[in-house]
Structures are given as C-alpha cells and as structure tokens.
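# Structural features, examined
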Number of protein chains: 2
Amino acid sequence: MRDFSTDHRWLSINTATVRKSRGVEQPLTDIIEACAQRGIRAISPWRDQVAAAGLPAISKLVKTHGLELSGYCRGGMFPAADAAGLKAAREDNRRAVDEACELNAACLVLVVGALPGALAGQAAHKDIALSRSQVSDGIAELLEYAKASKMPLAIEPLHPMYAADRACINTMEQALDVCDALDPIRTGEDGKTQQAALGVAVDVYHVWWDPKLEAQIQRAGKDRLMAFHVCDWLTPTTDLLNDRGMMGDGVIEIPKIRGWMENQGFAGYSEVEIFSSGNWWQRESAEVLDTCIARHRSAV
Amino acid sequence: MRDFSTDHRWLSINTATVRKSRGVEQPLTDIIEACAQRGIRAISPWRDQVAAAGLPAISKLVKTHGLELSGYCRGGMFPAADAAGLKAAREDNRRAVDEACELNAACLVLVVGALPGALAGQAAHKDIALSRSQVSDGIAELLEYAKASKMPLAIEPLHPMYAADRACINTMEQALDVCDALDPIRTGEDGKTQQAALGVAVDVYHVWWDPKLEAQIQRAGKDRLMAFHVCDWLTPTTDLLNDRGMMGDGVIEIPKIRGWMENQGFAGYSEVEIFSSGNWWQRESAEVLDTCIARHRSAV
C-alpha cells in the first residue's frame, strides 16, 4: 500500500470541494491556480464550473499546469418521464464525453439518475425498476459512443439515501452487475484499448457501510476500479447532501478501504470530494486546500 | 393479495407514530384508548412508553381491549466499547424479551446497534466489522434465552444512513445471512415451536431502495417474515431521522412490496411507524390516527 504520509502526489481535488470560498462561488480558474500553486497534480472539475469559465480556457489552463483529471463530473441522469427527456439526456451525455476527451480526463463519472422529477420534489412516477432499466439502456448506448472516443465510463454507486432523486444504482454489486452485463469481456482485455471501457468510481461516502464492499472491490479488479473518492461520514449527519466531513473527522475507515483498492492494483489518485454548505464552503478556500493536503497525509 | 381498501383490520399502529400530539408527549394509555376506539386491532409499543406507564397497567389495558402486539420495540443495541457495556446490553435485552412475553407480542424487534458512542456523537472506534461481530454474538446469546421464552426475534435491517449510529445490519441479505448462520434449521421446522425463532422485520422505509429486495423477501419465506412496517420516503427528505412520510406522500411502492411479502405467505399486520418531528407529531393525534386508517386503505 502506498505511503501517503510524506507527500501529496496522489491527491486530487474534486473542484466541488472548494466551489465556494467564504460562501462565495469561486471561478474554476482560481481553483486551478490555487491547486497548481500547492503542487496538487490532479483535479476533477464539474461541468457547470467548466461551462462558466469556458471549456477552451480550462483546457488551456489544465495543459499549462500539466494537471491531470482524475475524473470529470459528471454524466448520467439517464431516466426521464418521456421520449424527449430521454433524448435530451442522451445528447447531453455525449457532450459530456466530448468535454471529458478535450480535458483528457481519466474517466467520465456517471451519476445515473433516479425517479424523473424527484430531484425537483415531484417524482413523475415511483417505478424504480423502470428507472433502473432506463439507466441500463442509457449506459449501453453511451458506452458505444464513449468507446469510439476512448473515454472510460465510471458508474458511481450513490448512497441508498439518494436512490429516489439522484442515482438508483446504490451498491457496488449493482454497479458491477451493470458493468458485467454491458461490457462482459471487459473491453480492455481485447487488446484494442488500454483499459476497460466501463467500470466504477468508488466514493467511500457512498459505499463505506456496505458489508459486501471488500468482496465487491475484489470482484471489480483493477480494470474496473477507475476512481477513488474520499471524504468522511459525520455523526450526526445533519443534511442528506451537504454535510460531508473532512477525512479523519468521521467514522469511515478510509485507509482500510484504500488498502482493498490497492490490493487489486489500483494506483490512481485519492480524490477529495466534499459538499459542505455549513462548514468547508464557509471557510477560505486556501485553508480548505491546505487541510485537504494535511488530511490526505494523515487520514487517507 | 389481501384487499385493504374496505376496512382496517390489518392495520397496526406503532406507538411512536402518535408519540406526540400537538408537540406534547402522550401517555401510552391514551394512545391505546384512541386506537381501541377506532377499531384498530393491533399496536406496537416502545419500551420507554411502556415503562413510563408501567408494564402491569399496559399489560392489563391491552388485554382489556383484546389488542394484539404486532411487535415490541425494541431490543438490540448490542455493541459496546467494553465488557461492562456488553453485559448491560445483554441484561437489558433479556428484560426486553420478558416484557414482550408479558405483552404477548408477536416478536421482539431488534435494532441491533452500530459503533458504540456514535449515537451520542462520539464513536469509540470506527471498526464496523467489530460491531457486526458483536451484533452476531449478541443475537446468538439472546436467541437461546428467547427460544426458552418462545419469543421470536425479528432483526430489523435499518437504512444504510443509520449504519454508523443505530444499526450496522443494513440490508435484508445481511439480516438473513445472520438468521441462516444462527438458526440454520429455522427452529419452527423442528416441530417444537409454532414459528421460526429468528427472522426479520421488513420496514419499507429502510429497504425500499434495495435492488435485491424482492429476491431477499423470497429467500426469507413466510417463517422468517415476522413484521411489515410502513411509512413513506419523502423527496426531499429534510432530516435523517424525523422526516418519515405518511403512506402515499412519498415514492415507495408500498403495495408492490406488500405483494412480495404476501406471495411468501405473510398474512400479518401492516404496522405504521412514522417519526415526524416537523409534521405528524405537531398535529392532533386523533387526526394522525384517522389519516393512518385512510392511508392504510388507499396506499398500502
């Protein structure tokens, strides 16, 4: 297992973590400069942040600093209540693949969506099996497009508390069942590409509770383990979305889970992804980044 | 599948649902009288409510009204940080079995506990595997005592968002793995007792999201399906504990899940268990009970 205690060469910053500084939205360009200044070698930006700054400008800035993208956030949100909605999702996901390619991301992370309308507070229906079917169909179609672009797709199983409104893929087992169904030969093994075309993003916040986690990480294997996201589960957790903790402040055994990943050959970045409206977004972003570096060393 | 649309003979009220009326704690005796007045045939009381009113008084009142107990809430909370804590939990659980027997409950519901101290905001450790091991040991020991008393134990898998502080058994599959390990012959099959000694309480709020739910209900079978709890998952959910919805107000396919239960032969009560500090506990309890009756008919 890699020793993270003496440097932060394997730290990546998901840019949602410093989306706000003292409560004020920050331009992605400023975030990138602040990361580069600290010797942080990788980021994972969100599409809306990229769009606000302009894709060409971000692409250029990333290249200037030699930054890697541990992932691109995010594609997905496949289910819809009608054909027009399904078509819009399909087209938007293809644009996400194109952007990920332009930024040379390691993978496009998929938050797959759930009951249409639920995120806005009014679900169009309750048929989660239908949503899961639409997700599978949506990934299958996008996979063909992504393969042609050589952009790996990483399904991110989200915590079951998001099953209604954000993602109806909620365990590693379920995500890997989709991977095995849609990419049974693990495309990378056919010699035509360097890596699997379809895999998973393992975010400890979403999966730490799962009694089958270790077994499913073993099942995934190196070629399907595309990303590793870290933060912490606080007790108590006061908000379902925006109360993620800094690594070390909660109850997740992060080093143990990283060990399970590395036992399978995972050798990528640990990407810090914290949404925290009540805490970290209220602080100075420089302090947040410095804390991420310190905790990456001590608690990841 | 039973038709619930014309009466409420299979409605049970978990007394937490009307714990407060207009925000004020209600005596369990008043709750029981209000249920009996409405022709509600079953309740599931909480131990603290029973203790406040006195076990003999409640036992007598239940018998007077011919009420059944669809369950008794609750045993469990097995993990502890030291031997004294484990011993205290063991003794308290035996008392819970005794009380359940005195009240002639259908089963003692087990909320198994998680990381010691986490519920108070300070976990003694992060080793969830250790907690799970202590839970398994605790159930094994209690099972011997409960068998002698002929009191079935129903493990209630709790939603994964409670894995840190309330219950580290978080899926039906995990609960049934424990059942199969500790009671492999399903005690009821040996002819000495009328029913299995160990099974599960299926609360739709905790398990609705699980893609393996139907399969695990089938695996459980009639003898392990000991209780069926209903409420609803709201979008958005604003509090991790006290924002459960009334049946029909959320996204859970309650009739579909009840159908899966009944396909296995389950023929017991649908027990309404709602914690709602911001909504139902603020209303007049008579209105809450009348709404439970109406929604039992229309949405369960």
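Residues numbered from 1 in each chain as written. Chains lettered and ligands numbered in written order. Predicted model: local features only at pLDDT ≥ 70, side-chain atom pairs only at ≥ 80, totals over all residues. Heavy atoms only, no water.

## Focus on the side chain of Glu271(B)
Residue and element names in this part refer to chain B. Looking at the element boundaries, glutamate 271 is found in strand S11 (residues 270-272). At 2.8 Å, the side chain of glutamate 271 and the side chain of asparagine 14 are in polar contact. Setting aside its immediate chain neighbours within four residues, glutamate 271 contacts Ser12, Asn14, Ser44, Ser70, Gly71, Phe228, His229 and Val230. (Helix = DSSP H or I, 4+ residues; strand = E, 2+ residues; numbered from the N terminus. Polar contact = N/O pair within 3.5 Å; in protein donor to acceptor, adjacent residues only side chain to side chain. Contact = heavy atoms within 4.5 Å.)

## Notes on the packing of aromatic side chains
This structure, assessed with the given rule, holds 13 aromatic pairs over all chains. An angle of 75 degrees between the planes, with centres 5.9 Å apart, marks the rings of Trp46(A) and Phe275(A) as edge-to-face. With Trp46(A) in the loop between strand S4 (42-44) and helix H2 (47-53) and Phe275(A) in the loop between strand S11 (270-272) and helix H10 (285-299), this residue pair connects regions lying 229 residues apart in the sequence. Residue classification places Trp46(A) among the buried positions, given a relative accessible area of 14%. Ring geometry for Trp208(A) and Trp233(A): centres 6.2 Å apart, planes at 40 degrees, overall tilted. Of the two residues, Trp208(A) sits in the loop between helix H7 (204-207) and helix H8 (213-224) while Trp233(A) sits in the loop between strand S10 (225-230) and helix H9 (254-263), which places them 25 residues apart along the sequence. Each of the two residues, Trp208(A) as well as Trp233(A), counts as buried. Taken together, the ring pairs connect Trp46(A), Phe275(A) and Trp281(A) into an aromatic cluster. The side chain of Arg41(A) reaches across the aromatic face of Trp10(A), ending 5.0 Å from its centre. Sitting over the face of the ring of Trp280(B), Arg283(B) holds its NZ or CZ atom 4.0 Å from the ring centroid. (Phe/Tyr/Trp six-rings, centres within 6.5 Å; stacked < 30°, edge-to-face > 60°. Buried < 20%, exposed > 50% of the residue type's maximum accessible area, 1.4 Å probe, protein only. Lys NZ or Arg CZ within 6 Å of the ring centre and 35° of its normal.)

## Digging into the packing of helix H8 (residues 213-224) of chain B against helix H9 (residues 254-263) of chain B
Residue and element names in this part refer to chain B. Running from N to C, H8 and H9 cross one another at 25 degrees; their axes reach a closest spacing of 9 Å. With respect to H9, the element H8 is oriented roughly parallel. Crossing handedness for the pair H8 and H9: right-handed. Residues Leu213, Glu214 and Ile217 of H8 lie in contact with H9, whose contacting residues are Ile257, Trp260 and Met261. Here the contact of H8 with H9 is built from residues that sort into 5 nonpolar, no polar and 1 charged. (Axes fitted to C-alpha atoms, helices over the stretch in contact; angles between N-to-C directions. Parallel < 35°, antiparallel > 145°, perpendicular 65-115°, else oblique. Left-handed = near helix turned anticlockwise from the far one by under 90°. Nonpolar A, V, L, I, M, F, W, Y, C, P; charged D, E, K, R; others polar.)

## What about the layout of surface pockets?
By volume, the largest pocket is sized at about 590 Å³. Elements that contribute at least two residues to the lining of the largest pocket include exactly helix H3 (55-65), strand S5 (68-69), H8 and strand S10 (225-230) of chain B. For the lining of the largest pocket, the leading source of residues is S10(B), giving 4 residues. A per-class count over the lining of the largest pocket returns 15 nonpolar, 7 polar and 6 charged. One number sums up the size of the second largest pocket: a volume of about 450 Å³. In this structure, the second largest pocket is lined by 24 residues; those nearest its centre are Ala106(A), Gln195(A), Leu225(A), Met226(A) and Phe266(A). Elements represented by at least two residues in the lining of the second largest pocket include exactly strand S5 (68-69), H8 and S10 of chain A. For the lining of the second largest pocket, the element with the most residues is S10(A), which contributes 4 residues. (1 Å grid on protein atoms, 1.4 Å probe; cavity = no way out; pocket = protein on both sides within 12 Å on 5 of 7 lines; lining within 4 Å. Points joined across faces, edges and corners; volume = space filled by probe spheres on them.)

## Some thoughts on the pairing of strand S6 (residues 72-76) of chain B
Residues and elements named next belong to chain B. Counted residue by residue, S6 has 4 buried out of 5 residues, so it is predominantly covered. Here 4 bridges tie S6 to strand S7 (residues 108-111), and the two strands are oriented parallel to one another. Within S7, the position partnered with glycine 75 by the bridge is leucine 110. Handedness of the crossover is the feature at issue here: the chain leaves S6, passes through helix H4 (residues 83-102), returns alongside S7, and the resulting connection is right-handed. (Pairing = 2+ DSSP bridges. Right-handed = clockwise from strand over helix to strand, strands pointing away.)

## Things to note about the interface of chain B and chain A
It is common to report an interface's size as the accessible area lost on association of the parts. Taken together, the 34 residues of chain B in the interface contact 35 residues of chain A. Taken over both partners, the interface formed by chain B and chain A buries close to 2700 Å², and the fraction arising from carbon and sulfur atoms is 64%. Three residues stand out in chain B for area buried against chain A, namely Lys126(B), Trp209(B) and Leu240(B), and they jointly supply 22% of the buried area on that side. In this structure, the connection of chain B to chain A is made through 2 salt bridges. (Buried area = accessible area lost by both parts, 1.4 Å probe. Salt bridge = Lys/Arg side-chain N within 4 Å of Asp/Glu carboxyl O.)

## A look at the environment of Arg2(B)
Looking at where Arg2(B) falls in the secondary structure, it is placed in the segment before strand S1 (11-14). Linking Arg2(B) and Leu115(B), residues 113 residues apart in sequence, is a C-alpha distance of 40 Å.

## Section: the side chain of Gln134(A)
Residue and element names in this part refer to chain A. Residue placement: glutamine 134 occurs in helix H5 (residues 128-148). With a relative accessible area of 15%, glutamine 134 lands in the buried category. Those residues in contact with glutamine 134 that lie beyond four places of it in its chain are Phe78, Pro79, Ala80 and Leu86.

Taken by themselves, the reported measurements are silent on function.
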